[in-house]
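Tertiary structure, described
Take a look at the letters that make up each chain.
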Amino acid sequence: MLLHNITLCDFGAYRGEQRIDLRTEPGRPIVLIGGLNGCGKTTLLDAIQLVLYGPKADCSGRGNRPYTEYLQQCINRQADPAEGASIALEFSIKVEGEEQYYRVVRNWYFTGNKTLREFLTVLVNGEFSRTITETWADHVETILPLDVASLFFFDGEKIEELADPRSAAKVIESAIYSLLGVSAVERLRYLLKTLENRQRLSEADQEVLDKIRQQEQELKHATQAASDAHQLMAGARSELLVRQKELDDAEKKFERAGGKEYERRKELEAERNRVKNQLAATNKRLVSLAEGPLPLLLLQEQLTELTRQARLEREADDASRFLGVLEQRDEWLLQQVSEELPAEVRTALKRKLTGDRKKRAAAAHLEQDLGLPHDALLQLSSLDQALATDAALTRDLLKEAADLAEHLAVAQQQVDAVPDDELIGALVKERKVAIERMAVAQAQFERGEALHAEAAARRDRLAAELDRTHRARREAEWRSEWLERVIKYSEKGRGTLEKLRGELLDLHIENVEVAVLRSFKKLMRKQGLVSNIEIDTDKFTLVLTGPDGNPIDPGRLSAGERQLLAVSLLWGLAQTAGNRLPSIIDTPLGRLDSQHRQHLVDRYFPEAGRQVLLLSTDEEIDEQLLARLKPHLAHTYTLVHDNKTLTTTVQPGYWWTAGAAHVA
């Protein structure tokens, strides 16, 4: 397994998106990440475990808190809770000799109702895999088991605990079983034992035979019932076809004889009567109009002349009534202006007024006076408007009456085309009988079909039950012999697996002992302190032997020596497993003196595996140790923390190299 890169987005102290390239190359297996205390080194280690294992991850800052509460506190305090946080890890593994590329993304955020939602997405070779995403908790165990992860992702300050016999025993047992394949043998032994325990002999006794005979008899009756139901259904189908043909013939005769119109007779008669009544109502309205002033339209010329005469008589009456008044007015007017106007002007004015009176006197004289009333003109105007309105309404009613008459004629023709009862009565009766017979035949067929389906289902069910009973009888006859063979070979298989387990344990423990001792001597300053390291095969505890041949209590070792012993244990286990997993070490040099630090830098880190991630402070990997590590470095980064915003950013380079700031 090789890590390619990790991207943090608003995770913990990491504000915004921070991406770290983790790829290494042959001869340069180390990625060095520097950061002062509290800058986020352990958070980075937690992020890798969290994205892989989710709720099962052994994160340093979680403690006993619920998983959702831990995720909530992992969202950067300056980030939008609705956007949340995310971790994306890209890595590759070899499956059957072919490289497989994984991208695992775990993100979480708060919804509108303040509920925390978490999502996991897994891409394999660039394509989303729904199956692997849904089963990731199991799938990741095939890549890097959680028990094994603690051997490769560890905190240097806590690694000293592994020097304790009980802690070391747990790690050694977990590593040998999970990392070195012994657990597969154990699981196979357990499955074989489970198989033996689950076998129970079932004899084909008289009860089974009686059940078979009873089921055979029931199946015989069910088969006969299904056959009878099929014959009944077939007869009903034939009868249905005959009745269908009879109905079709009756329908054709009925239709040719005008049956469709006969069925619509009441509808046609109702339509005819409706049109007839509507026409009568229209004619009645026309008669009503004729009883009014409408006939005067025949005297249109006389009415026009009468209107002209009424106008003349009203004008003459008006002129005669005003003539005397005008004469008095003219005299008064001349008296008022006689002294102010010249004589010629007064003469002209008098002549003008006299001419006006003569003109009005002429208008008051009529050659013919009919003595019409004074409001005759108003009455004639009202009559004219009433005649215009009645004339327009009459035209609309006449058109409506013509249309209704035409519609009535068509409706009457349709009614006349309906055959009478005497002509079509026999066909109506014949058709009705055919419909009733058809309904009876249809009901009989449906009933027969239902009976056949029920009988066939019962027959099939009994046949299946009988078949199962026969199989049980056959199994009972040979199961005894088969079970004896199963148990015999299962016991032999378990015995073989037990021997294989013992040999694997001896082989792996011996290899681990050699690798741990070699690693310890390579890292220790005191070469003669420990002459041999053994592992108790029963308790999986470390047994240290001094140069005098006496056992050494790990508690007598110094803190730094215990840390080196724990590192040697992890290194030896990794070497025995083939160094196929990356190592991530947080605060790797915490309690070591300068010489032991140099040994770790020179002899362990470059050879700890194909990929080693070191999370160090400036006092651990200082300028001198950095120079010793430089030939083996693939990438260097510094975690720069802003004390004002309490956020961390990832910058390329390490202290004392270009591109990195030495923050206080």
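Shown above is the structure to which this text applies.
In this report, the structure presented in the accompanying data block is examined. None of the values given here were measured: they were computed from a predicted structure. (Residues numbered from 1 in each chain as written. Predicted model: local features only at pLDDT ≥ 70, side-chain atom pairs only at ≥ 80, totals over all residues. Heavy atoms only, no water.)

Here's the deal with the overall build of the chain
Convention followed: A run of H or I in DSSP becomes a helix once it reaches four residues, and a run of E becomes a strand once it reaches two; helices and strands are each numbered from the N terminus. Think of it in three bands: residues with accessible area under 20% of the maximum for their type are buried, residues over 50% are exposed, and the middle band is partly exposed, with areas taken using a 1.4 Å probe on protein chains only. Every residue pair with non-hydrogen atoms within 4.5 Å of one another is taken to be in contact. Note on areas: Shrake-Rupley, 1.4 Å probe, and residue coverage restricted to the protein chains presented here.
The helix and strand inventory of the chain stands at 17 helices and 15 strands. For the chain, with 664 residues in total, the buried portion stands at 39%. Considering only contacts within the chain whose residues lie at least 6 apart along the sequence, 72% involve residues at least 24 apart. Within the structure as shown, the chain displays about 38100 Å² of accessible surface, and the carbon and sulfur contribution to it stands at 51%.

Overview of unusual backbone geometry
Backbone geometry at Asp10 places phi at a positive 55°, although glycine is not the residue there. Secondary-structure assignment places Asp10 in strand S1 (residues 2-11). A residue is classified by how much of its surface remains accessible, and Asp10, at 8% relative accessible area, is buried.

Topic: the pattern of salt bridges
The test is simple: What counts as a salt bridge is simple: a side-chain nitrogen of Lys or Arg found within 4 Å of a carboxyl oxygen of Asp or Glu.
Following the criterion strictly, the structure yields 12 salt bridges and no others. When the shortest N-O distance is used, the salt bridge between Asp21 and Arg23 registers 3.0 Å. The class of Asp21 is buried, set by a relative accessible area of 16%. For Arg23, a relative accessible area of 46% corresponds to the partly exposed category.

Here's the deal with the pairing of strand S6 (residues 116-124)
This is how the line gets drawn: By this definition, two strands are paired if DSSP reports at least two bridges between them.
As defined by bridge partners, strand S5 (residues 98-110) adjoins S6 across 9 bridges and the pair is classed as antiparallel. Across the sheet, residue Phe110 finds its bridge partner in S6, namely Leu116. Counting the residues between successive antiparallel strands, the hairpin from S5 to S6 contains 5 residues, one of them, Lys114, with a positive phi of roughly 65°. Note: S6 against strand S7 (residues 127-128), 2 bridges, orientation antiparallel. Counted as the bridge partner of Leu123 is Phe128 from S7. From the end of S6 to the start of S7, which pair antiparallel, there are 2 residues, and Asn125 there has a positive phi angle of about 55°.

Brief notes about helix H4 (residues 136-143)
Counted only if it meets this: Comment: arc refers to directions from the helix axis out to C-beta atoms.
Along H4, the residues that are buried comprise Trp136, Val140 and Ile143. Looking straight down H4, one finds that the buried residues subtend no more than 50° of arc, so they occupy a single side. Residues Asp138 and Thr142 are exposed on H4 and point more than 90 degrees away from its buried face. Those residues of H4 that are buried lie in contact with helix H1 (41-53), strand S4 (85-95), S5, S6 and helix H3 (130-134).

Quick word on the sheet that holds strand S11 (residues 551-552)
Taken together, the 3 strands give an open sheet; going across it, the order is S9-S10-S11, and neighbouring strands pair in antiparallel fashion. If you trace the sheet from one side to the other, it starts and ends with strand S9 (532-535) and S11, each paired once. Sheet analysis places strand S10 (residues 542-545) next to S11, joined by 2 bridges and oriented antiparallel. Paired with Thr545 across the two strands is Pro551, which belongs to S11.

Comments concerning the packing of helix H15 (residues 559-576) against helix H16 (residues 594-604)
Axis angle and axis distance: for two packed helices, these are the angle between their axes and the distance between the axes, and together they describe the pair. What counts is decided by this rule: To define axes, lines are fitted to C-alpha atoms, for helices over the stretch in contact only, and angles between the resulting N-to-C directions are given on a 0 to 180 degree scale. Angle categories are assigned with fixed cut-offs, so that under 35 degrees is roughly parallel, over 145 is roughly antiparallel, 65 to 115 is roughly perpendicular, and the rest are oblique. In this classification, the charged set is Asp, Glu, Lys and Arg, the nonpolar set is Ala, Val, Leu, Ile, Met, Phe, Trp, Tyr, Cys and Pro, and all remaining amino acids, among them Gly, are polar.
Packing of H15 against H16 leaves a shortest axis separation of 11 Å and a crossing angle of 10°. It follows that H15 is roughly parallel to H16 by the angle criterion. Counting all contacts with H15, which are made through Glu561, Leu564, Val567 and Trp571, the residues of H16 involved are His596, Leu600, Arg603 and Tyr604. Residue composition of the contact of H15 with H16, grouped by class: 5 nonpolar, 1 polar and 2 charged.

Thoughts on the nonpolar core
Convention followed: The term nonpolar core refers to a set of buried residues drawn from Ala, Val, Leu, Ile, Met, Phe, Trp, Tyr and Cys, joined through side-chain atoms within 4.5 Å.
Among the nonpolar cores identified, the biggest contains 103 residues, and Phe91 and Phe605 are the most heavily contacted of them. The residues contacting Phe91, other than those within four sequence positions of it, are Met1, Leu2, Leu3, His4, Leu52, Gln100, Tyr101, Tyr102, Val104, Trp136 and Ile143. Formed by 9 residues, the second largest nonpolar core is a distinct cluster that contains Leu240, Ala250, Ala434 and Ala441.

Some details on the pairing of strand S13 (residues 612-616)
In terms of burial, S13 is a largely internal element, 5 of the 5 residues being buried. Where strand S3 (residues 30-35) meets S13, 5 bridges bridge the pair, whose relative direction is parallel. Along S13, the bridge assignment pairs Leu32 with Leu614. When strand S12 (residues 583-586) meets S13, the two strands line up parallel, connected through 4 bridges. Bridge pairing in S13 links Asp586 to Leu615.

As for the environment of Thr648
Note the threshold: Here a polar contact is recorded for every N or O atom pair within 3.5 Å, except that within protein the pair must consist of a potential hydrogen donor and a potential acceptor, and residues adjacent in sequence are included only if both atoms are side-chain atoms.
By secondary structure assignment, the location of Thr648 is in strand S15 (residues 647-652). On the basis of relative accessible area, Thr648 is assigned to the buried category, the value being 0%. Once the C-alpha coordinates of Thr648 and Gly35 are considered, the two residues, 613 residues apart in sequence, prove to be 9.7 Å apart. When sequence neighbours within four positions are dropped, the list of residues in contact with Thr648 reads Ala13, Tyr14, Arg15, Gln18, Cys39, Leu639, Val640 and His641. In this structure the side chain of Thr648 is engaged in a polar contact, spanning 2.8 Å, whose partner is the backbone oxygen of Cys39. Within polar-contact distance, the side chain of Thr648 engages the side chain of His641 at 2.9 Å.

So, the packing of aromatic side chains
The geometry of an aromatic ring pair is captured by the separation of the ring centres together with the interplanar angle, meaning the angle of the planes. Applicable threshold: Ring pairs are drawn from Phe, Tyr and Trp, using the six-membered ring of Trp, whenever the two centres fall within 6.5 Å, and their geometry is named by plane angle: stacked under 30 degrees, edge-to-face over 60, tilted for the rest.
The full count for this structure, using the stated rule, is 9 aromatic pairs. Look at Phe91 and Tyr102: their rings are 5.2 Å apart centre to centre, the planes differ by 5°, and that puts the pair in the stacked class. Here Phe91 is found in strand S4, whereas its partner Tyr102 is found in strand S5, with 11 residues between them in sequence. Of the residues examined, Phe91 reaches a relative accessible area of 1% and is grouped as buried.

Description of a nonpolar patch on the surface
Inclusion rule: In this analysis, a patch consists of residues with relative accessible area above 30% that form no salt bridge, clustered at 9 Å for like charges and at 5 Å for the nonpolar side chains Val, Leu, Ile, Met, Phe, Trp and Tyr.
The grouping of Leu296, Leu298 and Leu299 at the surface amounts to a nonpolar patch, some 300 Å² of accessible area in total. Looking at the element boundaries, Leu299 is found in the loop between helix H10 (265-290) and helix H11 (300-337). On the basis of relative accessible area, Leu299 is assigned to the partly exposed category, the value being 41%.

What about the packing of H1 against H4?
Running from N to C, H1 and H4 point in directions that differ by 120°, and their axes come no closer than 9 Å. The angle between H1 and H4 places the two elements in the oblique class. Seen from H1, the contacting residues are Val51, Leu52 and Tyr53; seen from H4, they are Trp136, Val140 and Glu141. Across the contact of H1 with H4, the residue classes break down as 5 nonpolar, no polar and 1 charged.

Notes on the side chain of His4
In this fold, His4 is placed in strand S1. Here Ser92 takes part through its side chain, which lies 3.0 Å from a polar atom of the side chain of His4. If we skip the residues at most four places from it in the chain, His4 touches Ile20, Asp21, Leu22, Arg23, Glu90, Phe91, Ser92 and Tyr101.

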